[in-house]
Each structure stands twice: as structure tokens, then as C-alpha cells.
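# Results of the structural survey
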Amino acid sequence: MEEFDKLWKEFDENEIDEPNFSKMTLLNKLLPLAGEKKEKIELELKVVNLVFALRWVLPRTEGVKIEEINRCVQQYFPTRNDKEIAYFTSRLQETKSHQNRWRYALICFLLTRKPQYFPDAINNLLECSNIHLKQKEIQSCVYLLVVAFNINKLYNLKYDDDISKAALHICFDLENTEYERWLIEPTEVFCLLNNKSEKETIARLFTIVHRAAKRFSDNKNSHLQRSLLKASLGLCNLTDLLPDEKQKLRKQIQLVIAESHEADGNTAFKENNGLAATKWYEEAQQVYQKLGMSEKVKELGEKIRESAKIIQWETVSTTIKLPPLEFDGENGIELVRSISRCEMVPNQSRIEQEAKDIMADNPISHIWPTTHYNRKNPIAHTNDYESRLRSEIKRQTLEQIKLAEHWFATAVKKLEEQKRISEEHFTKFISDFGLHDKDSLELLRSGIKRHLNQDYVASIHILIPQVENTLRLLLNSRGISTIKVEGKEMRIMDSQMGGILDNNDVIKTLGNDFTSYLKIKFTDVEGINLRNEVAHGLLPLEEFNHVTSISIIYVIIILTKMSVEKR
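Residues numbered from 1 in each chain as written. Predicted model: local features only at pLDDT ≥ 70, side-chain atom pairs only at ≥ 80, totals over all residues. Heavy atoms only, no water.

Let us look at the overall build of the chain. Summing up its helical and strand segments, the chain has 26 helices and four strands in all. The C-alpha atoms of the chain give 31 Å as radius of gyration, which overshoots the globular expectation for 567 residues (24 Å, by more than 25%). If you line up the chain on its principal axes, its C-alpha atoms span 90 × 70 × 55 Å. Counting across all 567 residues of the chain, residues that qualify as buried make up 49%. When the accessible surface of the chain is totalled, it reaches about 29700 Å², and 49% of it is carbon and sulfur. Looking at charge distribution, the chain has the averaged site of its 80 positive side-chain charges lying 2 Å from that of its 84 negative ones. (Helix = DSSP H or I, 4+ residues; strand = E, 2+ residues; numbered from the N terminus. Rg over C-alpha atoms; globule rule 2.2 N^0.38 Å. Buried < 20%, exposed > 50% of the residue type's maximum accessible area, 1.4 Å probe, protein only. Areas by Shrake-Rupley, 256 points an atom, 1.4 Å probe, with all protein chains shown as cover. Lys, Arg positive; Asp, Glu negative; His and termini not counted. Charge placed at Lys NZ, Arg CZ, Asp CG, Glu CD.)

Right, here's the structure in full:
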């Protein structure tokens, strides 16, 4: 216990945390020593993880949304817990560390929404920022300042003067030092608060920023030069100049920014880097456009066209070596039959055991509630062992499916390029099972033909409905209904594919492994979800490709074979 007390004291007195790594390290050392205090350490880990997650949200001066903060809170504190609130409130009162106090105060507010915690949060954030400044931990110092700025702005508090003074203090302290790069954010904070400082103070800050920009320009660091100049644009409005003079000063600064972009574009063009040249020229053109310099806009347009001609695209890829897959057969029908014997369906029992082993080997990474997102929206929330295990099983299944499909598609592609298989071979193989009617076979033929012609947008749109149709035909042939009765009107409707795959009789017919494969591939929001992504127009264009298309044909073939093989 002596080691625990020593580490806890170090944790509780920590004032310099870059960024929360040292606290995280100490807590991970404390966890195996905690004994009956394990719950306490786990709560502390929650806060440290939350603050670390907020690091990617709060330290931005260009704007933060409360929804982003709420999403982070929901991830680590999915439900309001009075016991947790009581713990953090008592810790706020007990600890003397400014680093701890602002974290506890912020979490108490986020959990209770009681504004009484704001003074502790803001005052200790600024005090902690000042401690970092004295210790020359400038990045953390600025980070904490911007966190205070955003909390003040988001929740409409009255700490503008305190935060403005802290920003000004940082800027003056960084004058003529090696840390002048960190002038950008404090200057932006100062300007955004529209502080009514004395004209001498504004003039001094303006001079500090522009001298630093000049030094970066002399050192060929045009990126930081421009960032500092952009930050200084806000200072123009705070000067005591007349409106016309303020506007003239702003235009002078913007012209320097545009010329800097153009100069970088010229350098990239000389180096034959068309992509970079185009980017810099476009940035310059936008500024010249704002300044009303039509001739420069036209000149930059010509430079953009010239630089676009020399763009050289490179492909960066990761290679996974797998044994070559080859299909045997003297003719097309035999090749399709060989393709139908390829096993791409992951073994769920093995995956489940692997998922349990991963969670047992990495308990820390699986201890917290987690919200899972698709391309835009939250799709699932895991807050206990069972839900985390299910999510890990889906993740492992998804990875194995993608790997197997790329392996399979590469081998089939060779046959296609050699013209050894045609839509006639696929259609003849499928028709021999007698599962599909004439119209379904024609649709399948049309989709497969477009696949072989590399029109994957068309083939995927045609074939995905035929996966669902083939599944219904198979199940109906086994006496399993795929319709449902709904509403007071007792309307008879086709069940959706996701609902069909949840039916116990269906799982028994298809097998757990293949049912899980179909769910991940076509209907599960945590998986590929191909059926719904295509139906709702959400599948990105680049995913209308050979791998996706041939994998759909594979599923249709396997479902068709089951009409005979598993009777």
C-alpha cells in the first residue's frame, strides 16, 4: 500500500500534464495496486480519458459545438450517476492541484449542468495555464487558455476580461523567444473577445505578432508567417485608426498573405510538384478575389491550369501476402462450380474466442463505454461486457470478410481477364438448381454481364435486390415464410432482409456462420451494411468496384446452391 500512496500523491499533486499522458501513466500503474480502491482509480481514468477526448474538441478558436462535447461525455458517462457526481464533488473540494480542480469542476458541471462549478473550472484553468507558462510548457499553456475561452463562449459566461488578460500575458511573455509560434492562438483569443484595451497595448501586440511573422518569413517558414498575419487581422479592428485606415491596413496584410501563397506555388511549380502548386495558387487566388484584383485572379487561373498538367498521382498501399488462390476447371461451368466451393465465411466460434482473448489481454482499452459511428452518425453504444464483446466480434468478422473478399476477387479477376468465364456460365450454373424463374434469371444475367463489362455501378444496383430475392426463394422452398402481418389493417408485407436474418428458423437453415456473414455484409449498421447503403444512396462511388460486385455474385451462388445442398 505504500507504493499506492506514493503514486497517488504524485498523481494528486501533478500540475504539468502533457496532455494528460503523465496522469494516465500514473493511473495505469495505480490500477493493479488499487485493491478495494479499484473503483476510485477507474473513475479517475474516466475523467482523464474524457479530458483527453475533449482535447480534440475544445482547443479550437474557430468554433466548437456543444453537441461535440456532449458526444464525448456520453462516451465515458453514458448515464447520470449520483455516486460518481458525489465522488468528483468531494475530490474538487479536497485536491489542491489546479490541474485536478479544473478537470473535476468541468466534469461536475457536465454531469449536473449546475453553473456553480464554472468559477472553479475557469479560474483553475487560467491558473494552471499560467503554471505551464512559467514552466515553459507553452503548448499546454496555450491549450488550456483556449479550453477556458471555449467554455466561457459556449456557456455564455462572464470571464472575457480574465481570459483576455491571460491571453495578453502569454503573448507578451513569448515576445522574442523561441516559442513565438504559439502567439497565434492567444492573439486570436484576444481578438475574438473584442477587448477594449488601451491603444498602446494593441500597438505593442500588433508589433510583436508582425515581427514574429517577419522572422518566420526570413527563415522560409511561410506557413507560420501566414498564420500569424491572419491572426493579426483581428487586431486591425481594435486599433484607434479611422475606418478607412483600418481597411487599408487589412488589405496590406491580406496582400502579403496572397503573395506568400503565390510564392510557395511558384516554388512547388519549379520543383515539378503540380499538386502542391495548384493548392497554393488556389489559396492565393481566393485572397486576390477578395481584394478585387481581377488581373491577378486571371493570372493565377492560368497558373492553376499549368500546374494541373504536371500533377503526378502516386498510389500508397499496404500489402498483405496470402497464398495464391486458383480455380480449377476445363470450361467455364466447371470454373464457376470451383468458385462456388471457395470458403469466405468466417467461423463465428473461432472469432468469438479470439474476441474474448483480445478483451482479456487488453482490459484497459475495453473498460470504457464507447459510442460507435459510421461515416456521419452514432450507430451503437457499448457500455457493458456483453455489448463490447458483440461489437468486438462484429469488428473481427468484418476484417476477415474484407480480407477474404479481396483474396477471392483477385483470383476471379484473372479468370475474367482471360475471358474464361462469361455471364452464360454463371447463369447456366444458377439455372440448373431450378430455384429462380425466368425473370429472375434474366435480371441475374444482366447484372453479371455488366459486372464482366466492369460497369460496377450498374451491376451492384441490379444484383443486390437479387440477393434478397434469392434468399426469399430459398427460404420459401424450405417452407419458411418471409412475409409479415402489420398494423390494425392486418396488411401483408414482405419482411425486410434484416428481420428475416433474425428469424431462428432462418439461422438454423443457413447456419450461424453464414447468417452472421450476411448480416455483417448486407444489413448490420456496424458492418458493411451494403443493402441499406446502396438502397439509400449512401455508398461512396469508390466502393462500386470489382470486389464489391463479385462478392455479391458469390453470395447469390451460395444461396442458390443451398436450395439443394441443405435440404
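This is not the end of the story, as more comes after the structure.
Attention shifts here to the side chain of serine 129. Among the secondary structure elements, serine 129 is positioned in helix H7 (residues 118–134). Take serine 129: its relative accessible area is 3%, and that puts it in the buried class. If we skip the residues at most four places from it in the chain, serine 129 touches Cys141, Leu144, Leu145 and Ile170. (Contact = heavy atoms within 4.5 Å.)

Looking now at helix H13 (residues 243–270). An ideal rise of 1.5 Å per residue puts 40 Å on 28 residues; H13 measures up with 41 Å between its terminal C-alpha atoms. The inward-facing, buried residues of H13 abut helix H11 (199–218), helix H12 (222–236), helix H14 (274–290) and helix H15 (294–308). (Expected span 1.5 Å × (residues − 1).)

Inspection of the secondary structure puts leucine 26 in helix H2 (residues 21–30). Judged by relative accessible area, leucine 26 falls into the buried class, the value being 6%. For the pair formed by leucine 26 and leucine 7, sequence separation is 19 residues and the distance between their alpha carbons is 6.6 Å.

Let us now look at the pattern of salt bridges. Within this structure, the stated rule accounts for 30 salt bridges. Salt-bridge contacts for arginine 91 lead to glutamate 94; the nearest nitrogen and oxygen are separated by 3.9 Å. Within this pair, arginine 91 and its partner glutamate 94 are both found in helix H5 (residues 82–94), separated by three residues, close to a single helical turn. Glutamate 94 gets classed as exposed once you look at its relative accessible area, which sits at 53%. Measuring nitrogen to oxygen at the nearest pair gives 3.0 Å for the salt bridge that ties lysine 428 to aspartate 432. Look at lysine 428 and you get partly exposed, because its relative accessible area is 42%. If you follow the salt bridges from partner to partner, you end up with Asp12, Glu44, Arg91 and Glu94 in one network. (Salt bridge = Lys/Arg side-chain N within 4 Å of Asp/Glu carboxyl O.)

Going through the model one piece at a time under the given rule, you end up with two cavities of 30 Å³ or more. Size it by volume and the second largest cavity reaches roughly 30 Å³. Contributing to the lining of the second largest cavity are Leu54, Leu58, Ile69, Leu106, Leu110, Ile151 and Tyr155. Residues of the lining of the second largest cavity, tallied by class, amount to seven nonpolar, no polar and no charged. (1 Å grid on protein atoms, 1.4 Å probe; cavity = no way out; pocket = protein on both sides within 12 Å on 5 of 7 lines; lining within 4 Å. Points joined across faces, edges and corners; volume = space filled by probe spheres on them. Nonpolar A, V, L, I, M, F, W, Y, C, P; charged D, E, K, R; others polar.)

Attention shifts here to the nonpolar core. Ranked by internal contacts, the top residues of the largest apolar core, which has 95 residues, are Ile41, Ile69, Phe77, Phe88, Trp102, Ile151 and Ile163. Leave out the neighbours within four places in its chain, and isoleucine 41 touches Phe4, Trp8, Leu27, Leu30, Leu31 and Ala34. Ile339, Ala404, Leu518 and Tyr554 belong to the second largest nonpolar core, which has 60 residues in total. (Core = buried A, V, L, I, M, F, W, Y, C linked by side-chain atoms within 4.5 Å.)

The first and last C-alpha atoms of H14 sit 24 Å apart over 17 residues, in line with the 24 Å expected at 1.5 Å per residue. The secondary structure elements touched by the buried residues of H14 are H13 and H15. Looking one or two residues beyond H14, the residue adopting positive phi is glycine 292, at roughly 75°.

Take the environment of tyrosine 159 next. By the element assignment, tyrosine 159 lies in the loop between helix H8 (138–154) and helix H9 (160–174). Sequence-wise, tyrosine 159 and glutamate 10 are 149 residues apart; in three dimensions their C-alpha atoms are separated by 31 Å. With residues up to four places along the chain from it excluded, the contact list for tyrosine 159 reads Phe118, Pro119, Ile122, Asn123 and Asn152.

Now for the packing of H9 against helix H10 (residues 184–192). Contact geometry for H9 and H10: axes closest at 9 Å, N-to-C directions at 145°. Note that H9 runs across H10; the crossing there is left-handed. In contact with Ile163, Ser164, Ala167, Leu168, Ile170 and Cys171 of H9, H10 contributes Pro186, Thr187, Val189 and Phe190. (Axes fitted to C-alpha atoms, helices over the stretch in contact; angles between N-to-C directions. Left-handed = near helix turned anticlockwise from the far one by under 90°.)

Quick look at unusual backbone geometry now. Of note in the backbone geometry, glutamine 454 takes a positive phi value of approximately 65° without being a glycine. Of note, glutamine 454 is situated in the loop between helix H20 (438–452) and helix H21 (456–477). We note that asparagine 529 has phi near 55°; this positive angle belongs to a residue other than glycine. Looking at the secondary structure, you find asparagine 529 in the loop between helix H24 (512–523) and helix H25 (530–535).

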